[in-house]
Amino acid sequence: MAEVSETSSELPIIDIGPYLDRRDDAARLVTSEALHDACVNYGFFYLDISKFVDADEPEELTRLAREFFALPQEEKDKISIRNQDQARGYQRLKENVTNGKADNHEGIDFYKSVDQPDKTKPLWGENQWPDVPNFQRKFSQWVEKMKILGMLVMEAMAVGLGMTTEEWEDLRSQVDDSFWVMRIIGYPPLPNDHDGFSCGAHKDYGCLTFLYADPTRSALQVFLRQASDSTSESDDLPTENGTEQGTWINADPIPGCIVCNVGEMWEIWSNGLYKSTLHRVVHRGSNYRIPFFFEPNFSANVTPLPAAFRIQGKDSVEALTDSKTYGPVVYGDFLLQKVSGNFAIEGKGRYD
Ligand SMILES: N=C(N)NCCCC[C@H](N)C(=O)O
Ligand SMILES: O=C(O)CCC(=O)C(=O)O
Ligand SMILES: [Fe+2]
């Protein structure tokens, strides 16, 4: 296997500041254009949120996570996903499965709450909060913050894609009741003999992932596709379409920034212009990470956007109809299918 490149500086750093104070139209455009370029070229970027979030805040979340994960196994199992809807709650080390292999992490998943919970329906139960003082309050505040950030980045991306105000309103109505997910992941050091990763190579499912990462380096690795004439050392990666050539680069954390990437719904909206990039985790330390997934509404019907076709040079309605190559999918259906494949529970796993 090829080495992982040591340079992470390749991924752009984008300041969301201009969308917070909204005084400077030109600065907003710079942010939007940078987002567009990042999504075309990488599907990954750093978002400078130092004007939006105090550094102490995620530090406190990590402390609370550490407190929970340090509890005895039987305490943690009290909020297991197996108690109810197979999705909301705690998952033991190696309970998560990616590409048929157990991931070397434990975690807790929280989702947007639903009106009529039903524990027997996949995904349709209630969030299970750890019995750790301040946990629910602090993490709920984080969810509210990340939802606001999600809307701002969506708006900035709509501008970057050249959408009109009406087009943005339509897209907005697909994400204004986001079926968000928050994961709290505990990574122990990956043992040399583990036949898998801390988290195997995957794409994220929805719109935008906002990752608060602990400082461990070389943990999150991002797969950059390579032009076929490239001469640098590369990996062959098996994908749905055969194999792809590329390189794994590190996306190490940068203070004041979160690591962001676009999920598969943006790949559909942009008709493939924005890549939902494969990534994996090889964690050699012991620490906690908190990805927040800003996702479409559960019932959103996701189809390629006219603005994406305009960029691809197809502005007639006929050409537009011909070239609908991505989607459509209803986000909730897509999510249910993904979630049902994530756990090695008898009779339920994707690879059983
Ligand atoms: N909600 C999101 N995006 N979670 C990403 C988890 C990806 C790994 C999962 N086991 C899989 O195989 O998809
Ligand atoms: O922990 C990380 O660095 C990334 C986790 C991730 O990719 C995920 O949970 O989808
Ligand atoms: Fe991911």
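Residues numbered from 1 in each chain as written. Chains lettered and ligands numbered in written order. Predicted model: local features only at pLDDT ≥ 70, side-chain atom pairs only at ≥ 80, totals over all residues. Heavy atoms only, no water.

As annotated in an unreviewed UniProt entry, the protein is Clavaminate synthase-like protein from Leucogyrophana mollusca.

1. Some points on the site of ligand 2
For the record, the criterion: Residues are classed as near a molecule or strand on a simple rule: at least one heavy atom within 4 Å of it. Any N or O atom pair separated by 3.5 Å or less is treated as a polar contact, with the protein-specific requirement of one donor-capable and one acceptor-capable atom, and with residues adjacent in sequence counted only for side-chain atom pairs. Surface exposure here means Shrake-Rupley accessible area, sampled with a 1.4 Å probe, where a residue is shielded only by the protein chains that are shown. Each helix is a run of DSSP H or I of at least 4 residues and each strand a run of E of at least 2, with the numbering of both proceeding from the N terminus. For this scheme, ten residues count as nonpolar: Ala, Val, Leu, Ile, Met, Phe, Trp, Tyr, Cys and Pro. Four count as charged, namely Asp, Glu, Lys and Arg, and the remainder, Gly too, count as polar.
Lining the immediate surroundings of ligand 2 are Arg183, Ile185, Tyr187, His202, Asp204, Leu211, Leu220, His279, Val281, Arg289, Pro291 and Phe293. For ligand 2, an oxygen atom lies 3.0 Å from a polar atom in the side chain of His279. Relative to its unbound accessible surface of 290 Å², ligand 2 loses 96% to contact with the protein. Breaking the shell around ligand 2 down by element, the ones donating at least two residues are strand 7 (181–187), strand 14 (279–281) and strand 15 (287–294). Here the residues of the shell around ligand 2 sort into seven nonpolar, two polar and three charged.

2. Topic: the packing of helix 5 (residues 135–160) against helix 6 (residues 165–175)
This is how the line gets drawn: All axes are obtained by fitting lines to C-alpha atoms, using only the stretch in contact for helices, and the reported angles, taken between N-to-C directions, cover 0 to 180 degrees. Small angles under 35 degrees read as roughly parallel and large ones over 145 as roughly antiparallel, with 65 to 115 read as roughly perpendicular and the rest as oblique. Should the near helix be turned anticlockwise from the far one by less than a right angle, the crossing is left-handed, and should it be turned clockwise, the crossing is right-handed. What makes two residues a contact is simply this: any of their non-hydrogen atoms within 4.5 Å.
Two elements in contact, helix 5 and helix 6, have axes separated by 10 Å at closest approach and are oriented at 150°. In terms of orientation, helix 5 and helix 6 fall into the roughly antiparallel class. Of the two possible hands of crossing, helix 5 and helix 6 adopt the one that is right-handed. Listed contacts from helix 6 to Met151, Met154, Glu155 and Ala158 of helix 5 are Trp168, Leu171, Arg172 and Val175. Here the residues of the contact of helix 5 with helix 6 are counted per class, giving six nonpolar, no polar and two charged.

3. Considering the pairing of strand 15
Stated precisely, the cut-off is as follows: Relative accessible area decides the class of each residue, using a 1.4 Å probe on protein chains only: under 20% of the type maximum gives buried, over 50% gives exposed, and in between gives partly exposed. Following DSSP output, two strands are said to pair if at least two bridges run between them.
Of all eight residues in strand 15, eight are buried; the element is thus mostly enclosed. Pairing analysis gives five bridges linking strand 7 to strand 15, with the strands arranged antiparallel. Within strand 15, the residue paired with Val181 across the bridge is Phe293. Bridge analysis of strand 9 (residues 208–212) against strand 15 gives five bridges, and the strand direction is antiparallel. Across the sheet, the residue bridging to Thr209 is Phe293, located in strand 15.

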